[in-house]
Amino acid sequence: MKISFVVCHLGAYALAIDKLENLFEKFMEGSPVFLSREILRHDFIPDELPHREAEIIRFGAVLAPSLKGTRCSNLFIYGKSGTGKTAVAKYVLDRIARKGRTTSKKVRVCYVNCRKAGTEYRTLSSMCSAVGVKVPFTGLATAEVLSRFKRGLENTGSTFIAALDEIDALVRGYGDGIMYKLTRINEELRSSRLTIMGISNDLYFKDLLGARVRSSLSEEEMVFKPYTAEQIRDILSQRVQLAFRCGSLPEPSLNLVAALAAAEHGDARRALDLLRVSGEIAERGNASVVYEEHIREAQRKIEHDRVVEVLDTLPLHSKILLCALYVREGESKRGITTGDLYETYHGCCGKLGVDALTQRRVSGLLSELDMLGVANAKIANLGRYGRTKRIQVTAPRQTLSKIFAEDPRLTELAASPSVRD
DNA sequence: CGTCCACAGGAATGACGGGCGG
DNA sequence: CCGCCCGTCATTCCTGTGGACG
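Residues numbered from 1 in each chain as written. Chains lettered and ligands numbered in written order. Predicted model: local features only at pLDDT ≥ 70, side-chain atom pairs only at ≥ 80, totals over all residues. Heavy atoms only, no water.

Here the focus is the packing of helix α11 (residues 251–263) against helix α13 (residues 292–312). Here α11 crosses α13 at 25°, and the two axes come no closer than 9 Å. Looking at the two axes, α11 sits roughly parallel to α13. The hand of the α11/α13 crossing is right-handed. Taken together, the residues of α13 that come into contact with α11 (itself represented by Ser253, Leu256, Val257 and Leu260) are Glu292, Ile295, Arg296 and Gln299. Of the residues that constitute the contact of α11 with α13, the class distribution is four nonpolar, two polar and two charged. (Axes fitted to C-alpha atoms, helices over the stretch in contact; angles between N-to-C directions. Helix = DSSP H or I, 4+ residues; strand = E, 2+ residues; numbered from the N terminus. Parallel < 35°, antiparallel > 145°, perpendicular 65-115°, else oblique. Left-handed = near helix turned anticlockwise from the far one by under 90°. Contact = heavy atoms within 4.5 Å. Nonpolar A, V, L, I, M, F, W, Y, C, P; charged D, E, K, R; others polar.)

Set out below in structure tokens:
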């Protein structure tokens, strides 16, 4: 009995392993489309960054004094997303840190994405870990973390360059308090130096800063312009040569990707994503060449995945709100108003047996959805009939209905055509 | 031309869970 | 273990506002 049981199981395993074996074999043979997928990831930094040579040189010139142990100017970089700010910053930081290792003057660098870090506290704590100071992930006063950072930095005795990416997100939420403290930190350091490199997507970010912070933070300034379709094409073609098999991405397909990306404000990151996903879709369809249909399909998939990812992390009430919006949307071409939406949302909460949040809070959640690009809310003045927002869904309806269908709590709500009052 | 709608969105405040130093 | 401080989420109260209506 026992033996046959085992044999039987082994048989099942053997089968599974065979299938896996096939999969691995296929994988080892290599993809019919890609040479290396890694190269298309947007966090991959190539040896050359086309159309950013001038910026790299300028960057280097500003930061070079750090190699001699002198403080260099703080640096500020603006530019929309996908204009190569992050890539250039990381590239130069990496190069300067490597150069620093060959000299007596150590240069330490650190890169923090403030939006991902989320709070002042976590931003500072990643700066701490870059100077070898461990801090608990919560519990301390922010000022305490700052002073530990200061102490840690002083102990290293080196020049420190901190790149704070998406710094606008931080200042918007917490004010320029720590920025002020960070810019003043050099006055208290004896053996070390701190240089701050701020990176922002928002061109009007400076307005958020107080005058003192503004002037010391942007001793040097740089603006990254969006890439043109031509430039995106160059960037893509450089990566295509490294990442794709010869001939698997023909000229017209490359041009289409570049054109689609250029239409999206010259965002190179999106272009690379599109390229990679197109290749994957072609590959899955057992094609060895990427054609237009694959690219169009990829565009849909990217949008779908983005929405799924965003919604996944959303709290329950945001989902209910979106669900309510989904149900009511289309009633009027120009979108429904806040009051109507709240009413529906309230009804939905009732059906679910959940306490509804206040209108104020819902308004906040709505702006969140707007910022995430799932919904769109525009202020509309109806004169006599008050001031409100016109709200529409921007995510593909198909994607939303699929997501709602997966969540048992929301299925019923989304299915019923009218959930008024 | 002033009113007044129906909200927007800022500020203050509180409840809660979690880590710290003592 | 306690008191303290933190970040997060939510509520309450509030002031601000563009323009159709009377």
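Quick look at the protein's contact with DNA strand B now. Neighbouring DNA strand B are 18 residues; Pro136, Thr338, Arg360, Gly383 and Gly386 lie closest to it. Each atom of DNA strand B within 4 Å of the protein was classed as base or backbone; sugar and phosphate made up 73%. Between DNA strand B and the protein, one listed contact pairs a phosphate oxygen with a side-chain N or O atom of Thr338 at 2.7 Å. The backbone of Gly339 places a nitrogen or oxygen atom 3.2 Å from a sugar or linking oxygen of DNA strand B. (Near = heavy atom within 4 Å. Polar contact = N/O pair within 3.5 Å; in protein donor to acceptor, adjacent residues only side chain to side chain.)

This part is about helix α2 (residues 53–63). Because an α-helix packs 3.6 residues into every turn, residues spaced three or four apart end up facing the same way. Buried residues of α2: Glu55, Ile56, Phe59, Val62 and Leu63, and no others. What you see down the axis of α2 is that its buried residues fit within an arc of 125°, all on one side. Looking at α2, the residues exposed on the side facing more than 90 degrees away from the buried face are Ala54, Ile57 and Ala61. (Buried < 20%, exposed > 50% of the residue type's maximum accessible area, 1.4 Å probe, protein only. Arc of directions from axis to C-beta.)

Right, let's get into the confidence of the model for chain A. The predicted structure's coordinates, where accompanied by low pLDDT, should not be read in detail. Considering every residue of chain A, the mean pLDDT works out to 82; 89% of them sit at 70 or more. Confidence drops under pLDDT 50 across residues 1–8; counting only partners more than four residues distant or on other chains, this segment forms zero contacts. (pLDDT = per-residue confidence, 0-100.)

Attention shifts here to the pattern of salt bridges. If you walk through the whole model with that rule in mind, you get 14 salt bridges. Close ionic contact of Arg98 with Asp94 constitutes a salt bridge, the shortest N to O distance being 3.1 Å. Of this pair, Arg98 and Asp94 both sit in helix α3 (residues 85–101), four residues apart, which is roughly one turn of the helix. In this structure Arg98 comes out as partly exposed when scored by relative accessible area, which is 46%. Taking relative accessible area as the criterion, Asp94 reaches 39% and is therefore assigned partly exposed. When the shortest N-O distance is used, the salt bridge between Asp273 and Arg276 registers 3.2 Å. Highlighted residues: Asp273 and Arg276, both in helix α12 (residues 268–284), separated by three residues, approximately one helical turn. When sorted by exposure, Asp273 lands in the same class as Arg276, which is buried. The network of salt bridges with common partners includes Asp273, Arg276 and Glu280. (Salt bridge = Lys/Arg side-chain N within 4 Å of Asp/Glu carboxyl O.)

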